[in-house]
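Report on the structure
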Amino acid sequence: MKKLLFEMGRPGRKGYSLPQLDVPDRSVDELLPAKMQRKAPLDMPELSEGEVIRHYTELSTRNHGVDSGFYPLGSCTMKYNPKVNEEVAGMPGFALVHPLQDQSTIQGALELLYKTEKELKEVTGMDRLTFQPVAGAHGELTGLMVIQAYHRAKGEERTKVLVPDSAHGTNPATATMAGYDVVQIPSNEQGLVDVKALKEALDEKVAALMLTNPNTLGLFEEEILEISKAVHEVGGLLYYDGANLNAIMGYARPGDMGFDVVHLNLHKTFATPHGSGGPGSGPIGVKEKLTPFLPVPLVEKDGADYYLNYELPQSIGKVHGFYGNFGVVVKAYTYLRMMGKEGLKQASADAVLNANYLMERLKKTYYLPYDRVCKHEFVLSAREQKKKGAGAGDIAKALLDYGYHPPTVYFPLIVEDALMVEPTETEGKETLDGFASTMEEIAEAINKDPEKIKSAPHTTVVGRLNEVKAAREPRLRWKRDDLK
């Protein structure tokens with residue numbers, strides 16, 4: 001087992017080399033009041049620079065990411081991210097800018113925010129955007145707060161939000177957090193919103209319908225215009241979960257479908273590395289009637305100058321410090337300029353092509369509950385494999401032995417033993433064929449010896465973990481006593 005740095009440390013070793021002191025040497029008592037001084041010695045390991053570098057480099061090789069292998073995580077769009085994005089975001093004029101600088105000294109940063117908003121308005125069909133939210137779910141909450149403020153400004157106290165049964169789990173969670181009652185709308189036999197059930201749930205208490213299109217099954221909501229009309233007729237609004245925008249960029253716009261609010265995942269659709277909690281950016285776009293309620297400030301242009309507009313009396317206020325995760329916006333802007341309109345269309349086309357290619361091959365081995373043309377992702381079921389002794393979770397663990405990150409499992413809940421696969425546009429046919437062959441090999445192994453698959457993974461640094469125990473009894477802090 002690999003040792004911790006605390007176990008590797010030896011007295012006298014150091015990993016730094018400081019220049020000779022050229023200022024007066026002052027005691028701790030002169031610099032800090034006694035009450036702020038640490039009494040016990042600082043318990044830190046002592047190591048050389050080489051030891052530290054080797055330790056963390058070795059640990060990094062244990063991680064899986066889009067730079068090291070295929071990452072078909074359904075509904076998350078884990079695609080390869082061009083390194084030029086990182087180079088641009090690291091430029092001093094972007095990386096070293098401070099949000100409290102005078103506006104005259106950050107004209108370049110404001111210009112980038114202004115132009116990124118312009119590009120994304122074109123992609124989404126929205127009228128204004130804010131970059132303050134720093135995640136998709138954060139964007140959801142911001143969007144619902146804007147919707148709530150809009151209704152209240154009209155003197156309406158609406159209490160319900162409609163959410164399809166195939167929605168992302170954050171949708172009902174966010175609606176609840178915003179203070180709404182969640183009403184679940186069932187899917188029909190085609191895996192789409194049951195329009196009849198939706199209309200029966202509509203009344204003057206409905207604030208919004210939260211929807212993504214294509215939906216979580218990777219299927220396009222063909223009756224979206226009828227859905228939009230029905231919601232608007234009762235005074236409700238449409239909220240677009242942008243997690244699946246990667247399927248329609250350049251071909252269809254949420255604003256043209258009737259959506260009033262859109263959140264985007266710059267860290268998914270617009271090629272910014274993400275995972276393990278960050279970094280993220282979940283800007284929201286709104287139609288003109290909702291602009292007065294957006295968080296402040298908004299970036300405006302006056303002649304050749306850019307400035308921050310705080311004059312929105314009906315604003316919901318700030319939802320994050322300053323202007324959100326600016327570095328992520330820089331990466332997204334780089335991606336947008338590099339791709340252009342035709343490039344975004346090509347990305348969508350390739351994502352859809354890859355998904356359908358993989359789906360057609362795998363449906364011969366795994367059950368496909370909704371056997372129709374998909375968009376960027378599709379959902380298989382491992383129900384037949386489960387009957388033989390090993391299900392979706394076991395298949396996911398077995399994939400680790402082959403060097404693949406597993407797809408999303410057990411989601412959406414409307415599919416038994418679900419395997420949700422999104423190959424993205426950045427993978428070649430060879431990668432897709434390799435993954436498909438592995439999935440077929442695992443299925444064959446289940447036919448012969450399901451216990452082998454149920455005990456996977458076998459080749460990883462850590463074997464199968466007790467995930468239930470980890471969820472219920474998390475240990476998030478290490479203590480030296482753990483070494484005993």
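Residues numbered from 1 in each chain as written. Predicted model: local features only at pLDDT ≥ 70, side-chain atom pairs only at ≥ 80, totals over all residues. Heavy atoms only, no water.

1. Examining the pattern of salt bridges
Inclusion rule: The term salt bridge refers to a pairing of a side-chain nitrogen on Lys or Arg with a carboxyl oxygen on Asp or Glu at a separation within 4 Å. Helix and strand definitions here come from DSSP, where helices need a minimum of 4 consecutive H or I residues and strands a minimum of 2 consecutive E residues; each element is numbered from the N-terminal end. Under the scheme applied here, a residue whose accessible area is under 20% of the maximum for its type counts as buried, over 50% as exposed, and between as partly exposed, the area being computed with a 1.4 Å probe on protein chains only.
Summed over the entire model, instances satisfying the criterion amount to 31 salt bridges. Between Glu222 and Arg372 there is a salt bridge, and its shortest N-O distance comes to 2.5 Å. Remark: Arg372 occurs in the loop between α12 (326-362) and β10 (378-381) and Glu222 occurs in the loop between β4 (206-211) and α10 (224-233); sequence separation between them is 150 residues. We classify Glu222 as exposed; its relative accessible area is 54%. For Arg372, a relative accessible area of 23% corresponds to the partly exposed category. A salt bridge links Lys397 to Glu467, with the nearest nitrogen and oxygen atoms 2.4 Å apart. Remark: Glu467 occurs in helix α17 (residues 467-472) and Lys397 occurs in helix α14 (residues 392-401); sequence separation between them is 70 residues. When its relative accessible area of 18% is taken as the criterion, Lys397 is described as buried. Looking at Glu467, the relative accessible area reads 48%, which means it is partly exposed.

2. Points about the packing of α14 against helix α15 (residues 429-448)
Rules: Orientation is described by lines fitted to C-alpha atoms, with helices fitted over the stretch in contact, and by angles between N-to-C directions that extend from 0 to 180 degrees. Just so you know how the angles are binned, under 35 degrees is roughly parallel, over 145 roughly antiparallel, 65 to 115 roughly perpendicular, and the rest oblique. Throughout, a crossing is termed right-handed when the near helix is turned clockwise from the far one, and left-handed when it is turned anticlockwise from it by less than a right angle. It only takes one pair of heavy atoms within 4.5 Å for two residues to be counted as in contact. Under the convention adopted here, Pro, Cys and the residues Ala, Val, Leu, Ile, Met, Phe, Trp and Tyr are nonpolar, Asp, Glu, Lys and Arg are charged, and Gly plus all remaining residues are polar.
Between α14 and α15, the least distance of the axes is 10 Å, while the angle of their chain directions is 120 degrees. Considering their axes alone, α14 and α15 lie oblique with respect to each other. Crossing hand, α14 versus α15: right-handed. Along the contact surface, α14 presents Ile395, Ala398 and Leu399, while α15 presents Phe435, Thr438, Met439, Ile442 and Ile446. Of the residues contributing to the contact of α14 with α15, the split by class is 7 nonpolar, 1 polar and no charged.

3. Digging into the UniProt feature "domain: Glycine dehydrogenase C-terminal" (unreviewed entry) in the protein chain
What counts, and what does not: UniProt positions are given in the numbering used here, feature names are shortened, and annotations may be inferred rather than shown by experiment.
Feature annotation in UniProt places "domain: Glycine dehydrogenase C-terminal" (unreviewed entry) on residues 347-448, given in this structure's numbering. Structurally, residues 347-448 comprises 50% helix and 10% strand, and the distance from its first C-alpha atom to its last is 40 Å.

4. Digging into the packing of aromatic side chains
Quick note on the threshold: Only the six-membered ring of Trp is used, alongside the rings of Phe and Tyr, when aromatic pairs are assigned; centres must lie within 6.5 Å, and planes under 30 degrees apart are stacked while those over 60 apart are edge-to-face, with the rest tilted. Charges are assigned to positions over rings by a cutoff of 6 Å between ring centre and Lys NZ or Arg CZ, combined with an angular limit of 35 degrees from the ring normal.
Overall, the coordinates contain 9 aromatic pairs when judged by the stated rule. Taking the centre distance of 5.2 Å and the plane angle of 80 degrees together, the rings of Phe70 and Phe435 count as edge-to-face. Placement of the pair is Phe70 in the loop between α3 (49-60) and α4 (83-89) and Phe435 in helix α15, with a sequence separation of 365 residues. The residues Phe70 and Phe435 share a single accessibility class, namely buried. Joined through ring pairs, the aromatic side chains of Phe70, Tyr404 and Phe435 make up one cluster. For the cation-ring pair, Lys345 lies above Tyr251, with the distance from its terminal atom to the ring centre recorded as 4.9 Å. Of note, Arg383 hangs over the ring of Tyr367, and the distance from its end group to the ring centre comes to 3.7 Å.

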